[in-house]
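# Working through the structure, step by step
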Amino acid sequence: MYKTILVTLDGTPTDRAIIEHIKQLAKLTQGRVVLLHVADGWAARTFGPDAISPEITEDTASLEKVRAEFQSVGISAEAELAYGEPSDEIVKWIQQKGCSLVAMSTHGHRLIADIFLGTTASRVQHRISVPVLLLRAK
């Protein structure tokens with residue numbers, strides 16, 4: 001059913017909720033997991049893949065750690081780092097590479113915060129036709 005599951009990670013504690021949920025789902029569906037983090041700091045937005053910064057180094061190490069975690073329990077997993085505006089880069093990845101499910105954790109902002117901050121999840125889900133699993137982190 002879900003051959004390729006794109007899991008977006010933002011590098012915050014909310015990631016744990018979606019990681020644990022997708023581990024179970026990927027085992028059931030025998031799907032491949034792609035972990036995607038979008039680096040959106042100054043260096044990433046300015047230099048893209050040529051960016052060198054402590055943020056990029058930390059993001060790469062974090063992605064690799066999560067990828068290894070999936071693989072250690074027998075789940076095929078890849079990790080990719082994109083650069084720029086998170087919602088735009090996630091949509092671009094989906095359009096270029098395709099997946100059968102997008103899985104995202106949400107921070108659970110409400111009304112006022114969403115109006116001023118917007119949400120990556122909301123921006124993504126309205127621009128794609130792939131099913132989206134949103135899991136609100138506690």
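Quick caveat, the model's predicted, so the values are computed rather than measured.

### Section: the packing of helix α1 (residues 15-29) against helix α3 (residues 54-72)
- The interhelical angle for the contact between α1 and α3, taken along N-to-C directions, is 25°, at an axis separation of 11 Å. Between α1 and α3, the crossing angle belongs to the class labelled roughly parallel. Read as a crossing pair, α1 and α3 show a hand that is right-handed. Here Arg16, Ile19, Glu20, Ile22 and Lys23 of α1 lie close against α3, whose contacting residues are Val66, Glu69 and Phe70.
- The class makeup of the residues in the contact of α1 with α3 is four nonpolar, no polar and four charged.

### Some words on the pattern of salt bridges
- Throughout the structure, instances matching the rule amount to 12 salt bridges.
- Through salt bridges that share partners, Arg16, Glu20, Lys23 and Glu69 make up one connected network.

### Some remarks on helix α4 (residues 86-97)
- Between its first and last C-alpha, α4 extends 16 Å over 12 residues, near the 16 Å set by a 1.5 Å rise per residue.
- Regarding α4, the residues found buried are Pro86, Ser87, Glu89, Ile90, Val91, Trp93 and Ile94.
- In this fold, the buried residues of α4 make contact with β1 (4-9), β2 (32-39), α2 (42-47), β3 (77-83), β4 (101-106) and α6 (120-125).

### Brief notes about the sheet that holds strand β5 (residues 132-136)
- The sheet built from five strands is open, its strands ordered β3-β2-β1-β4-β5 with parallel pairing. Of all the strands in the sheet, just β3 and β5 have a single pairing partner and so form its edges. For this sheet, the mean inter-axis angle between neighbouring strands, taken without regard to orientation, is 25°.
- With four bridges connecting them, β1 and β4 associate as parallel partners. Looking at β4, one finds that Val7 is bridged to Ala103.
- Against the sheet, α1 contacts β1, β2, β4 and β5, and its axis sits at roughly 170° relative to β1.

Calculation notes
- Residues numbered from 1 in each chain as written.
- Predicted model: local features only at pLDDT ≥ 70, side-chain atom pairs only at ≥ 80, totals over all residues.
- Heavy atoms only, no water.
- Axes fitted to C-alpha atoms, helices over the stretch in contact; angles between N-to-C directions.
- Helix = DSSP H or I, 4+ residues; strand = E, 2+ residues; numbered from the N terminus.
- Parallel < 35°, antiparallel > 145°, perpendicular 65-115°, else oblique.
- Left-handed = near helix turned anticlockwise from the far one by under 90°.
- Contact = heavy atoms within 4.5 Å.
- Nonpolar A, V, L, I, M, F, W, Y, C, P; charged D, E, K, R; others polar.
- Salt bridge = Lys/Arg side-chain N within 4 Å of Asp/Glu carboxyl O.
- Expected span 1.5 Å × (residues − 1).
- Buried < 20%, exposed > 50% of the residue type's maximum accessible area, 1.4 Å probe, protein only.
- Pairing = 2+ DSSP bridges.

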